[in-house]
Structures are given as C-alpha cells and as structure tokens.
Amino acid sequence: MANTSADKPNIRQVARLAGVSHMTVSRVLNNYPHIKDATRRRVLEVIEELDYRPNMAARALATQKSQRIGVIVESAVEFGPTSTLRALESTARAAGYAVSSISLGDGDGISPQEAVDNLTTQGVDALCVIAPRSSSIAALRKISIGVPVLVVKPDRDPTFLTVSLDQQEGTTLAVDHLVSLGHRDILHLAGPLDWLDARARERAFHSRAKAWGVRERPIVVGDWSADFAYDFARGIRELPDYTAVFVANDDMAVGLVHGLAERGFSVPGELSVVGFDDVPLAAHVLPPLTTVRQNFRALGVAIVDLLRAAVEDREIPRVTRIPAELLVRSSTAAPRGAER
C-alpha cells in the first residue's frame with residue numbers, strides 16, 4: 001500500500017520523540033548556531049530514525065534555495081569515493097538537503113565542464129568534488145560556477161573550500177608501525193599520482209621514511225586495483241631485499257598478498273604488508289590486513305557543515321583534517337631473520 005501524507009513523519013513527531021519543541025527541530029534543520037550539541041545530536045538521531053524529510057518545496061520558497069548539493073565524484077567505483085558520497089548523502093538528508101551526483105572517470109567521457117553544467121542546471125546551491133585528480137582541479141579553475149565549491153583534498157586551496165581525511169597522519173602511522181617492528185627497507189606501492197590523495201600518501205611516505213633513515217628506493221605506481229598488485233607480485237622472481245610494503249589502498253594490498261602467496265612468499269613471515277582504507281573485507285582476508293582506517297562518516301558531516309555555512313551566508317567553520325586510525329592485524333610482523 002502506498003504511503004499517504006498522514007503516514008509520513010512530521011516535524012511535531014520528531015519534536016515529541018526528541019523531547020524538544022518543534023521550533024528547536026526547525027532550528028537544528030536550519031543549523032541555528034545556539035543549540036546545545038547534545039540537543040542537536042538527539043534531534044538528528046530522531047530525524048534519521050524516522051527518515052523525516054522536511055518539506056523541501058516550502059523551504060525553497062522561503063529561502064530562495066533549492067536545498068540541493070551537487071557532487072562530482074572521480075571514479076565512484078573506488079571504496080574511498082563511494083564511502084565519502086554515502087556519508088555525505090546521509091548527513092545531507094538528515095539536514096534537509098537533497099544530493100545530486102555525477103561520476104567522472106567511468107569511461108563515459110564526461111568532462112568537468114559537462115558535469116558542472118549538468119548539476120548547475122538542476123539548481124544546486126553548492127558543489128562538492130570527491131577524490132579529485134589534479135587534472136580535474138585544473139579544469140574546474142577555468143569554469144565560472146557561481147555557487148560555493150568544496151573540494152575534498154589534502155591541501156588548502158586559494159579557490160575552493162577544502163576538507164580532507166588526514167592522509168599524512170595515516171601514512172605516518174603505517175610507516176611508524178613498520179619501523180617499530182624493525183623494518184628499515186620498505187617499498188611503497190602507490191596509487192595513480194594524478195589523484196591528490198595518492199600523491200599526498202606518496203609524499204608523506206618519503207618524508208617519514210627519510211626521517212627514520214629507511215632505505216630510499218623507487219616507488220611502484222599502481223592503478224588502485226587488486227589486479228595490478230597481483231600481477232606485480234606474480235612478477236617477483238626471488239625474495240626481494242625489502243621486508244615490508246606500504247600499499248596505498250586495501251584493494252591493491254589484497255591483490256599483492258594473493259600474488260605473493262602464489263609465488264610462495266609468506267605474509268608476514270617473509271614480507272609484511274600494510275594497506276589503507278579498512279575496506280570491509282580487510283579483516284577477513286588471509287592474513288587479516290593491517291591497515292589505516294578513514295572516518296568517512298566524520299568527513300561527510302564536515303563537508304555538509306562547510307557547504308551549509310557557505311550557502312546560508314554564515315561563518316565558515318574551521319575544519320581540521322579528519323584523524324586516521326591504524327588497525328594492526330596479522331599481515332605485519334618483525335622482518336625475516338629478526339629475533340621474534
């Protein structure tokens with residue numbers, strides 16, 4: 001049976017379950033600054049539980065805003081971009097915003113200009129760019145967009161709002177862990193260096209490795225895929241000098257472990273492997289993968305907070321990089337030959 005308007009939750013139901021007035025709910029939805037954090041959290045939790053949707057048409061008429069965020073995603077098939085988009089959508093929905101997204105890099109030939117045109121014709125109030133390549137950022141700088149634009153990137157930008165997960169901290173945690181186990185010869189299997197996150201991890205790796213006196217060796221540049229790392233590992237003919245590999249994402253780390261196993265090299269007995277992302281399967285491959293977890297939920301909240309402030313002409317929140325966390329599992333151990 002189709003839902004009627006009577007079946008849909010309304011603002012007074014949200015207020016009753018949250019134990020506040022309907023005006024307080026309205027103020028939370030409109031990001032009113034003088035609301036206690038505990039009250040704001042309680043109201044947002046009830047909104048999500050009830051799947052309450054504010055009357056978008058009425059709000060748009062009152063504010064002259066569409067209450068819609070446009071999102072351009074580089075390669076939405078990758079775990080990081082997909083997770084960021086889901087977190088953004090969930091946070092935006094709870095705040096009364098809709099999300100329209102379009103993906104680049106999936107073989108359909110769409111350009112940044114075409115993506116911007118597609119979204120701005122929908123009347124979006126702001127744009128967000130997730131997991132960008134340097135080439136896409138260069139193209140966006142040449143486009144007159146007309147709404148606030150936020151780019152999820154590791155470094156601040158003179159043109160766009162920015163926020164990011166802390167790539168440097170995550171990489172530092174990974175390298176420090178391997179060094180603490182005794183590794184002094186570590187290979188970095190990087191992502192494609194046109195991706196800003198991959199470049200940030202590569203730079204952070206070299207900086208931290210140099211600080212520890214880790215042997216400097218050329219990196220291997222991959223394409224984020226498990227197949228690439230699997231093929232790379234299958235091409236190793238004899239046990240290499242390096243004793244550990246820091247891999248720029250978990251997909252490649254899983255492919256690497258698979259390929260090493262087929263070549264007869266044990267992980268972590270002969271080579272330790274650290275990934276990045278903490279994909280759901282990372283804890284269940286053999287051996288379970290030591291990896292860097294990124295807090296995509298916190299990133300989604302930060303993106304929406306920044307864009308809402310820009311759209312609503314409020315002071316832009318000062319956002320720091322979202323912290324990373326190292327999860328130590330069974331794919332890392334002391335270097336081969338070291339006393340256990």
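Residues numbered from 1 in each chain as written. Predicted model: local features only at pLDDT ≥ 70, side-chain atom pairs only at ≥ 80, totals over all residues. Heavy atoms only, no water.

*Asks:* I'd like a rundown of the overall build of the protein chain, residues and numbers included.
*Replies:* What the protein chain contains, in helices and strands, is 12 helices and 11 strands. Projected onto its principal axes, the C-alpha positions of the protein chain cover 70 × 45 × 45 Å. A fraction of 72% describes how many contacts in the protein chain between residues 6 or more apart in sequence connect residues 24 or more apart. For the protein chain, the computed accessible surface area is about 16,200 Å², with 50% contributed by carbon and sulfur atoms. Where the 39 positive side-chain charges of the protein chain centre and where its 41 negative ones centre are 6 Å apart. (Helix = DSSP H or I, 4+ residues; strand = E, 2+ residues; numbered from the N terminus. Contact = heavy atoms within 4.5 Å. Areas by Shrake-Rupley, 256 points an atom, 1.4 Å probe, with all protein chains shown as cover. Lys, Arg positive; Asp, Glu negative; His and termini not counted. Charge placed at Lys NZ, Arg CZ, Asp CG, Glu CD.)

*Asks:* Please give an account of the nonpolar core that cites residues and values.
*Replies:* In this structure, Cys128, Ile130, Leu260, Val273 and Ile303 are the most contacted members of the largest nonpolar core, which totals 50 residues. Ranked by residue count, the leading element in this core is helix α12 (residues 296-311), at eight residues. Not counting chain neighbours up to four residues away, the residues in contact with Val273 comprise Val245, Val247, Ala253, Leu256, Val257, Leu260, Val267, Leu289, Thr290, Ser331 and Thr332. One finds Ile102, Leu119, Leu127 and Ile145 within the second-largest nonpolar core, a separate group that totals 17 residues. (Core = buried A, V, L, I, M, F, W, Y, C linked by side-chain atoms within 4.5 Å. Buried < 20%, exposed > 50% of the residue type's maximum accessible area, 1.4 Å probe, protein only.)

*Asks:* Please give an account of the sheet that holds strand β2 (residues 98-104) that cites residues and values.
*Replies:* Within the open sheet, the five strands sit side by side as β2-β1-β3-β4-β5. Their pairing is parallel. Among the strands making up the open sheet, the edge pair consists of β2 and β5 (161-163). Direction aside, neighbouring strands of the sheet carry axes that sit 20° apart on average. Judged from the seven bridges that link them, strand β1 (residues 68-74) and β2 form a sheet pairing that is parallel. In the sheet register, Glu74 faces β2, and the bridge partner there is Leu104. Helix α6 (residues 112-120) rests against β1, β2 and β3 (126-130) of the sheet, and its axis sits at about 160° to β2. (Pairing = 2+ DSSP bridges. Axes fitted to C-alpha atoms, helices over the stretch in contact; angles between N-to-C directions.)

*Asks:* Can you break down the sheet that holds strand β7 (residues 220-221) residue by residue, with the values?
*Replies:* Sheet architecture is open: four strands sit in the order β7-β6-β8-β9, paired in parallel fashion. Looking at the sheet topology across the chains shown, the edges are occupied by β7 and β9 (272-274). Sitting on the sheet, helix α9 (residues 196-212) is in contact with β6 (186-190) and β8 (244-247), with an inclination near 170° to β6.

*Asks:* Give me the lowdown on the packing of helix α5 (residues 79-94) against α12, citing residues and values where you can.
*Replies:* Relative orientation and spacing of two packed helices are given, respectively, by the angle between their axes and the distance between those axes. Their axes nearest at 8 Å, the elements α5 and α12 cross at an angle of 55°. Here α5 is positioned oblique relative to α12, judged by the angle of their axes. Considering how the two elements wind past one another, α5 and α12 form a crossing that is right-handed. Each of Phe79, Gly80, Ser83, Thr84, Ala87, Leu88, Thr91 and Ala92 in α5 lies in contact with α12, whose residues at this interface are Phe296, Arg297, Leu299, Gly300, Val301, Ile303 and Val304. (Parallel < 35°, antiparallel > 145°, perpendicular 65-115°, else oblique. Left-handed = near helix turned anticlockwise from the far one by under 90°.)

*Asks:* Can you lay out the pattern of salt bridges for me, pointing to particular residues and giving the numbers?
*Replies:* Counted under the stated rule, the structure contains 16 salt bridges. Residues Glu312 and Arg314 are paired through a salt bridge, measuring 3.0 Å at the closest nitrogen-oxygen approach. What emerges from the salt-bridge pattern is a single network uniting Asp185, Arg215, Arg217 and Asp241. (Salt bridge = Lys/Arg side-chain N within 4 Å of Asp/Glu carboxyl O.)

*Asks:* Quick one: what's the story with helix α11 (residues 250-263), residue by residue and with numbers?
*Replies:* Counted at 1.5 Å a residue, the expected span for α11 with its 14 residues is 20 Å, and the 20 Å between its end C-alpha atoms agrees. Within the span of α11, buried status applies to Asp250, Met252, Ala253, Gly255, Leu256, Val257, Gly259 and Leu260. Taken together, the buried residues of α11 touch β6, α10 (226-234), β8, β9 and β10 (291-294). Once α11 ends, the next one or two residues include Gly264, with phi positive near 90°. (Expected span 1.5 Å × (residues − 1).)

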